[in-house]
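Structural overview for review
Listed below, chain by chain, are the residues.
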Amino acid sequence: MNNLFGGPGFTVRPVTDDDIPSVLEVYRRCEDFLALGPVPCTSLEMVTTDIAHSKEVGGFYCGIRDDTDEIVGVLDFIPKYKRGRAFLSLLMIASAHRRRGLGTALLAALESHLMLTAGAKVIESGVQVNNEAGISFWKKRGFRIGRRARHMADGTTAYQMSKHIEMPIP
Ligand SMILES: CC(C)(COP(=O)(O)OP(=O)(O)OC[C@H]1O[C@@H](n2cnc3c(N)ncnc32)[C@H](O)[C@@H]1OP(=O)(O)O)[C@@H](O)C(=O)NCCC(=O)NCCS
């Protein structure tokens, strides 16, 4: 198992072709979130397009696995998006696994991973203006959310956001 990193009760590693059916299942269980965007219904094509795009831009498209190795979420990020800056492209946790602290623990582990392996000092990302739960999550996790929304190429409207990251004092 080539896990990239992990935390309490979860591990994260890039998906393989064998994982695609499980990833599609996660997308299906995130249709509440996908409904906020331009393509509300999931498809195999959506998943394979996202994975291929991630590869093209130097991303790591990963499954978030629980302690039974089941994929319960997906995480896509570019460790060296710009100098000292990483980009978080996608974080989606299947509805039944939300609000139990997984997103928070995952983000903390990702921050450490990015600092140690890519020398990242800042994480950038975007959040759709109509994703109230997402905005609440990122704000609580220390992201600063830009005031001006931007129209994105995929038809959505999103705020840019970023967070300065640093190693916790032991
Ligand atoms: C956003 C997301 C990754 C958070 O993961 P999680 O495991 O639920 O997060 P945690 O349990 O660690 O933290 C939950 C916090 O998220 C926010 N949140 C999550 N769901 C929420 C909801 N339905 N309404 C309001 N706030 C919500 C709150 O700030 C909440 O804190 P609280 O429980 O103290 O009120 C997850 O809800 C998800 O995958 N949502 C759908 C996809 C998505 O919106 N991704 C982000 C795109 S920018």
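A few points on the structure. These numbers were taken from a predicted model, which means no experiment stands behind them. (Residues numbered from 1 in each chain as written. Predicted model: local features only at pLDDT ≥ 70, side-chain atom pairs only at ≥ 80, totals over all residues. Heavy atoms only, no water.)

This part takes up the overall build of the chain. Looking only at helices and strands, the chain features 5 helices and 8 strands. The secondary structure elements of the chain, listed N-terminal to C-terminal, are β-β-α-α-α-β-β-β-α-β-α-β-β. Relative to the globule expectation of 15 Å for 170 residues, the C-alpha radius of gyration of the chain, 15 Å, shows essentially globular dimensions. Along the first, second and third principal axes, the C-alpha set of the chain runs to 40 × 40 × 30 Å. By the burial criterion, 42% of the 170 residues in the chain qualify as buried. Sequence-distant contacts in the chain: of pairs separated by 6 or more residues, those separated by 24 or more amount to 55%. (Helix = DSSP H or I, 4+ residues; strand = E, 2+ residues; numbered from the N terminus. Rg over C-alpha atoms; globule rule 2.2 N^0.38 Å. Buried < 20%, exposed > 50% of the residue type's maximum accessible area, 1.4 Å probe, protein only. Contact = heavy atoms within 4.5 Å.)

To continue, consider the site of the ligand. Taken together, 20 residues lie around the ligand, and I93, R99, G101, T104 and S136 are the ones closest in. At 2.7 Å, a backbone N or O of I93 approaches an oxygen atom of the ligand. Here S136 contributes a side-chain N or O atom positioned 2.7 Å from an oxygen atom of the ligand. Bound to the protein, the ligand loses 78% of the 900 Å² it would expose on its own. Here the shell around the ligand takes 5 residues from helix α5 (residues 132-140), the largest share from any one element. Looking at the shell around the ligand residue by residue, the class counts come to 9 nonpolar, 6 polar and 5 charged. (Near = heavy atom within 4 Å. Polar contact = N/O pair within 3.5 Å; in protein donor to acceptor, adjacent residues only side chain to side chain. Areas by Shrake-Rupley, 256 points an atom, 1.4 Å probe, with all protein chains shown as cover. Nonpolar A, V, L, I, M, F, W, Y, C, P; charged D, E, K, R; others polar.)

If you walk through the whole model with that rule in mind, you get 0 disulfides. Take C30: it sits in no disulfide, and the sulfur closest to it among the cysteines is that of C41, at 14 Å. Look at C30 and you get buried, because its relative accessible area is 0%. Free of any disulfide, C62 has its nearest neighbouring cysteine sulfur in C30, separated by 16 Å. (Disulfide = S-S within 2.5 Å.)

Bringing the nonpolar core into the picture now. Core analysis: the largest hydrophobic core is formed by 28 residues, its most contacted members being I64, L75, L91 and W138. The element best represented in this core is helix α4 (residues 102-118), accounting for 7 residues. Y27, M46, I51 and Y61 belong to the second-largest nonpolar core, a separate cluster that totals 16 residues. (Core = buried A, V, L, I, M, F, W, Y, C linked by side-chain atoms within 4.5 Å.)

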